[in-house]
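Overview (structure and organization)
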Amino acid sequence: MITVTHRRYVPYAHAHYAGNLVDGAYSLGLFGDVATEICIRLDGDEGLFASYDDVQFKAPVRAGDVLEIAGTVTAMGTRSRKISFEVRVVCRGTSGSGATVLDEPIVATTAVGTVVVPPKP
């Protein structure tokens, strides 16, 4: 169907817990951004997020990381689109301004969600 991928640096201002951990809601917000682009590309409208069927936090996201956020449409109804999401850490912040490009991305968060778009005129 269609896959959209964004990349995002996680600023230190988003650290919420000890060890520069970022809360899980950060990933969900990024999924919303990807879903918006998917809806615009498919339907010419931003659409609305209706629900998540499954969210799994598999590895930490930390300030200083570079993330790759992907969404793939897996099913389409008349007005609904089911999307499979994944956040991957592609660069890990180390200390200060240091960071390492990872040989293999770390899958940090996965989810399946449903968005809806307005009816076609």
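Cut-off values and rules
Residues numbered from 1 in each chain as written. Predicted model: local features only at pLDDT ≥ 70, side-chain atom pairs only at ≥ 80, totals over all residues. Heavy atoms only, no water. Pairing = 2+ DSSP bridges. Helix = DSSP H or I, 4+ residues; strand = E, 2+ residues; numbered from the N terminus. Axes fitted to C-alpha atoms, helices over the stretch in contact; angles between N-to-C directions. UniProt positions renumbered as here; feature names shortened; annotations may be inferred. Salt bridge = Lys/Arg side-chain N within 4 Å of Asp/Glu carboxyl O. Buried < 20%, exposed > 50% of the residue type's maximum accessible area, 1.4 Å probe, protein only. Core = buried A, V, L, I, M, F, W, Y, C linked by side-chain atoms within 4.5 Å. Contact = heavy atoms within 4.5 Å. pLDDT = per-residue confidence, 0-100.

The next point concerns the sheet that holds strand β3 (residues 66-76). The antiparallel open sheet is built from five strands, whose spatial order is β1-β3-β4-β5-β2. On the outer flanks of this sheet lie β1 (3-9) and β2 (48-57), each paired with one strand and no other. When strand polarity is set aside, the average angle formed by the axes of neighbouring strands in this sheet is 25 degrees. The pairing of β2 with strand β5 (residues 99-116) spans eight bridges and is classified as antiparallel. Paired with Q56 across the two strands is T110, which belongs to β5.

The UniProt entry lists residues 1-121 under the feature "domain: HotDog ACOT-type" (unreviewed entry), expressed in the numbering used here. Between the C-alpha atoms that bound residues 1-121 the distance is 23 Å, and the span itself is 16% helix and 50% strand.

For the coordinates displayed, the defined rule picks out nine salt bridges. Between E37 and R41 there is a salt bridge, with the nearest N and O atoms lying 2.7 Å from each other. Pair noted here: E37 and R41 are both in helix α1 (residues 25-43), with a separation of four residues, about one helical turn. Exposure remark for E37: the relative accessible area of 22% places this residue in the partly exposed category. A salt bridge links K120 to D43, with the shortest nitrogen-to-oxygen separation between them at 3.5 Å. On the criterion of sequence distance, the pair formed by K120 in the segment after β5 and D43 in helix α1 is long-range, its members being 77 residues apart. Of the residues examined, K120 reaches a relative accessible area of 57% and is grouped as exposed. Salt bridges here are not isolated pairs; linked through shared partners, they connect R7, E68, E86 and R88.

Right, let's talk about the nonpolar core for a bit. In terms of nonpolar packing, the biggest core is built from 23 residues, with I38, L67, I69, I83 and F85 touching the most fellow members. Among the elements of the structure, α1, β3, β4 (80-93) and β5 are those that each provide at least two residues to this core. The residues contacting F85, other than those within four sequence positions of it, are F31, V34, A35, F49, A70, G71, T109, T110, A111 and G113.

Do not read the predicted coordinates in detail wherever pLDDT is low. For the chain, the mean per-residue pLDDT works out to 94, and 100% of the residues sit at or above 70. Averaged over each element, pLDDT in the chain is lowest for β2 (95) and highest for β3 (98).

Quick look at the environment of Y9 now. With respect to the helices and strands, Y9 occurs in strand β1. C-alpha separation for the pair Y9 and A99, spaced 90 residues apart in sequence, amounts to 11 Å. If we skip the residues at most four places from it in the chain, Y9 touches Y26, G64, D65 and V66.

Moving on, we get to the side chain of T114. Within the secondary structure layout, T114 lies in strand β5. When near neighbours in sequence (up to four residues on either side) are disregarded, T114 contacts L48, F49, A50, S51, D53, S80, R81 and K82.

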